[in-house]
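# Observations on chain architecture
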Amino acid sequence: MKHILIIDDDTELCELLQEFFSAEKISSESVNDGISGLDKIKNSEFDLVVLDVMLPEMNGLDVLKEIRKFSKIPVIMLTAKGDEIDRILGLELGADDYIPKPFSPRELVARIKAVFRRLEINTSSPKENFKIDLNGVILDSSTKVVSKEGQNIPLTEVEFSLLEQLMHSAGNVVERQDLAIKVLGRKLTYDDRSLDVHISNLRKKLGKNQSGNDLIKTIRGIGYLYVKPEN
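Described below are features of the structure shown in this document. Note that the structure is predicted; figures quoted are calculated from it, not measured. (Residues numbered from 1 in each chain as written. Predicted model: local features only at pLDDT ≥ 70, side-chain atom pairs only at ≥ 80, totals over all residues. Heavy atoms only, no water.)

Glancing now at the pairing of strand β7 (residues 137-140). Every other side chain in a regular strand lies on the same face of the sheet, so the side chains alternate between the two faces. Where strand β6 (residues 131-134) meets β7, four bridges bridge the pair, whose relative direction is antiparallel. Note on β7: the bridge partner recorded for aspartate 133 is isoleucine 138. Between β6 and β7, which pair antiparallel one after the other, the connecting turn spans two residues, and asparagine 135 there sits at a positive phi close to 55 degrees. Note: β7 against strand β8 (residues 145-148), four bridges, orientation antiparallel. Paired with aspartate 140 across the strands is valine 145, a residue of β8. Here β7 hands over to β8 after four residues, with lysine 144 in that stretch at a positive phi of 60 degrees. (Pairing = 2+ DSSP bridges. Helix = DSSP H or I, 4+ residues; strand = E, 2+ residues; numbered from the N terminus.)

Once that is clear, we can look at the packing of helix α4 (residues 84-92) against helix α8 (residues 194-206). Each pair of packed helices can be summarised by the angle the axes make with each other and by the distance between the axes. The contact between α4 and α8 brings their axes to 10 Å, and the two run at 60 degrees. In this view, α4 runs oblique relative to α8, as classed from their interaxial angle. Between α4 and α8 lies a crossing of right-handed hand. Seen from α4, the contacting residues are Ile88, Leu91 and Glu92; seen from α8, they are Ser194, Val197, His198, Asn201 and Lys205. For the contact of α4 with α8, a count of residues per class yields three nonpolar, three polar and two charged. (Axes fitted to C-alpha atoms, helices over the stretch in contact; angles between N-to-C directions. Parallel < 35°, antiparallel > 145°, perpendicular 65-115°, else oblique. Left-handed = near helix turned anticlockwise from the far one by under 90°. Contact = heavy atoms within 4.5 Å. Nonpolar A, V, L, I, M, F, W, Y, C, P; charged D, E, K, R; others polar.)

Close contact between helix α6 (residues 157-168) and helix α7 (residues 176-184) brings their axes to 10 Å; oriented N to C, the two are set at 130 degrees. Between α6 and α7, the angle falls in the class oblique. Taken as a pair, α6 and α7 cross one another with a handedness that is right-handed. Two secondary-structure elements touch here, α6 through Val158, Ser161, Leu162, Gln165 and Leu166 and α7 through Leu179, Lys182, Val183 and Leu184. In the contact of α6 with α7, the residues fall into six nonpolar, two polar and one charged.

The subject of this paragraph is the sheet that holds strand β3 (residues 48-52). What the five strands build is an open sheet, ordered β2-β1-β3-β4-β5; its pairing is parallel. Among the strands making up the open sheet, the edge pair consists of β2 (27-31) and β5 (97-101). Adjacent strand axes in the sheet meet at a mean angle of 20 degrees, parallel and antiparallel pairs treated alike. Both strand β1 (residues 3-7) and β3 contribute to a ladder of four bridges, which runs parallel. The residue bridging leucine 5 from the neighbouring strand is valine 49, located in β3.

In structure tokens form, the structure reads like this:
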């Protein structure tokens, strides 16, 4: 049985989620401040963390920053509706996904199961190690390292998976829904911008090609394309 930690100062929400998780055969614990949450993660075994941004003692973004210093545990952020800055920062710091408040517990469970599906696919289907070198960007599947012009580019696991998919199909458009299913483990809803935020962060980290253009192009209404080398 999967075991989840909820870090949120809304005690009623924590109780509601724990009841809902139990009905879905997911065990869970909850704490109501950031410092206690960080301590729990350091001293207990969890499969995933549901982390609110607005927390007493230590806010959720700082908690996430500390988590990523010692753990790759999946994290889903709870953000205020319409607060795009917190979403972008959360994903940049290594959150796997986010869901804006107020939300349906059923939708949160769907997001959690999608993360677990992605992890199970990655662990149960080991790939042959390979390197891809395009436009000066080198992706090494064996070490999960991406570098450009000799400098390592720190990517989150989701960003690495996105880049891997796009570089494999360099010169061809990869549809948004295909990327979402392969990388996020789920389909996107009409107002879900999580994939776009991951792509935007990835584009900034990769920088430009020799002509000063983005390495990842957005093909409006369809998806994304990793640009093939000009020569």
